[in-house]
Amino acid sequence: MSNNKRQYEVVFIVDPTADEEVPKLSESFAQIITDQGGTITRNEVMGKRQLAYEILHHKDGTFVLLEIEGSGREIAELERRMRVNDRVLRYITVRVDEDRRRAEKLKDRRARKAAKRPERGHSAPSRRGPAMEFAEASND
């Protein structure tokens, strides 16, 4: 991945009365991204779900996830189009490349620490304190 390519996740909620329009809507948003020079790495309709609170008198909506790789310019255009589309109830865009990189670093660090640690049950000193020894002695 080059330095100017960033990864984003965009989740948008579509009006539940427009279920038959979801694939077309999702495809048009994907087209906007590719026209702006970005690439879609994932386009998933997550289905109809109940909303946490009512939005424009709707209690549920169809959730769609787009994973996008690009410069950020295409996100601005996508969000502008979502704002003016009355079928989109809500949307959120999150930049995820930095978080994923940080998670990979932490995973590598944990793996290195685990490799240094001695095996459990072997050569590890027992952790029996005086209370444990007293309890064992009183049971005999």
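Let me sum up the structure you'll find in this document. This one's a predicted model, so the numbers in the text were calculated from it and none came from an experiment. (Residues numbered from 1 in each chain as written. Predicted model: local features only at pLDDT ≥ 70, side-chain atom pairs only at ≥ 80, totals over all residues. Heavy atoms only, no water.)

Some thoughts on the sheet that holds strand E4 (residues 88-95)
No. 1: As summarised here, the arrangement of the 4 strands in space is E2-E3-E1-E4, forming an open sheet in which the pairing is antiparallel. The sheet is open, and its two borders are formed by strand E2 (39-55) and E4, each paired with just one other strand. Across this sheet, the average inter-strand angle for adjacent strands is 20 degrees, counted without regard to direction.
No. 2: Judged from the 7 bridges that link them, strand E1 (residues 6-14) and E4 form a sheet pairing that is antiparallel. (Pairing = 2+ DSSP bridges. Helix = DSSP H or I, 4+ residues; strand = E, 2+ residues; numbered from the N terminus. Axes fitted to C-alpha atoms, helices over the stretch in contact; angles between N-to-C directions.)

Some points on the nonpolar core
No. 1: Grouped together as the largest cluster of nonpolar side chains are 17 residues, with contacts concentrated most on Phe 12, Phe 29, Ile 68 and Leu 78.
No. 2: Elements that contribute at least two residues to this core include exactly E1, helix H1 (22-35), strand E3 (58-70) and helix H2 (73-84).
No. 3: Take this core: its biggest share by element is 5 residues, from H1.
No. 4: In this structure, Phe 29 is in contact with Phe 12, Leu 66, Leu 78, Arg 81, Met 82, Asn 85 and Val 88, ignoring residues within four places of it in sequence.
No. 5: In terms of nonpolar packing, the next biggest core, distinct from the first, is built from 5 residues, Ile 13, Ile 55, Phe 63 and Leu 89 among them. (Core = buried A, V, L, I, M, F, W, Y, C linked by side-chain atoms within 4.5 Å. Buried < 20%, exposed > 50% of the residue type's maximum accessible area, 1.4 Å probe, protein only. Contact = heavy atoms within 4.5 Å.)

Focus: unusual backbone geometry
No. 1: Positive phi, normally seen in glycine, also occurs at Leu 56, with a value near 50 degrees.
No. 2: Locating Leu 56 in the fold gives a position in the loop between E2 and E3.
No. 3: Under the relative-accessibility criterion, Leu 56 is labelled exposed at 62%.

Examining the packing of H1 against H2
Helix packing for two helices is described by the angle between their axes and how far apart those axes are.
No. 1: Look at H1 against H2: their axes get within 9 Å of each other, and the N-to-C directions meet at 150 degrees. In terms of orientation, H1 and H2 fall into the roughly antiparallel class. Crossing handedness for the pair H1 and H2: right-handed. Residues Phe 29, Ile 32 and Ile 33 of H1 lie in contact with H2, whose contacting residues are Glu 74, Glu 77, Leu 78, Arg 81 and Met 82.
No. 2: Counted by class, the contact of H1 with H2 contains 5 nonpolar, no polar and 3 charged residues. (Parallel < 35°, antiparallel > 145°, perpendicular 65-115°, else oblique. Left-handed = near helix turned anticlockwise from the far one by under 90°. Nonpolar A, V, L, I, M, F, W, Y, C, P; charged D, E, K, R; others polar.)

Structural notes on the packing of aromatic side chains
No. 1: Evaluation of the coordinates by the stated rule reveals 1 aromatic pair.
No. 2: Centre to centre, the rings of Phe 12 and Phe 29 are 5.1 Å apart; their planes meet at 90 degrees, and the pair counts as edge-to-face. In this pair, Phe 12 is assigned in strand E1 and Phe 29 in helix H1, connecting sequence segments 17 residues apart.
No. 3: The exposure class assigned to Phe 29 is buried, which follows from its relative accessible area of 2%.
No. 4: We note Arg 49 situated over the ring of Phe 63; from NZ or CZ to the ring centre the distance is 6.0 Å. (Phe/Tyr/Trp six-rings, centres within 6.5 Å; stacked < 30°, edge-to-face > 60°. Lys NZ or Arg CZ within 6 Å of the ring centre and 35° of its normal.)

Things to note about the pattern of salt bridges
No. 1: Tallying each qualifying case throughout the model produces 15 salt bridges.
No. 2: For Arg 42, the salt bridge identified is with Glu 44, shortest N-O distance 2.5 Å.
No. 3: With relative accessibility at 36%, the residue Arg 42 sits in the partly exposed group.
No. 4: Look at Glu 44 and you get partly exposed, because its relative accessible area is 29%. (Salt bridge = Lys/Arg side-chain N within 4 Å of Asp/Glu carboxyl O.)

Scope: geometric values only; no functional claims are made or implied.
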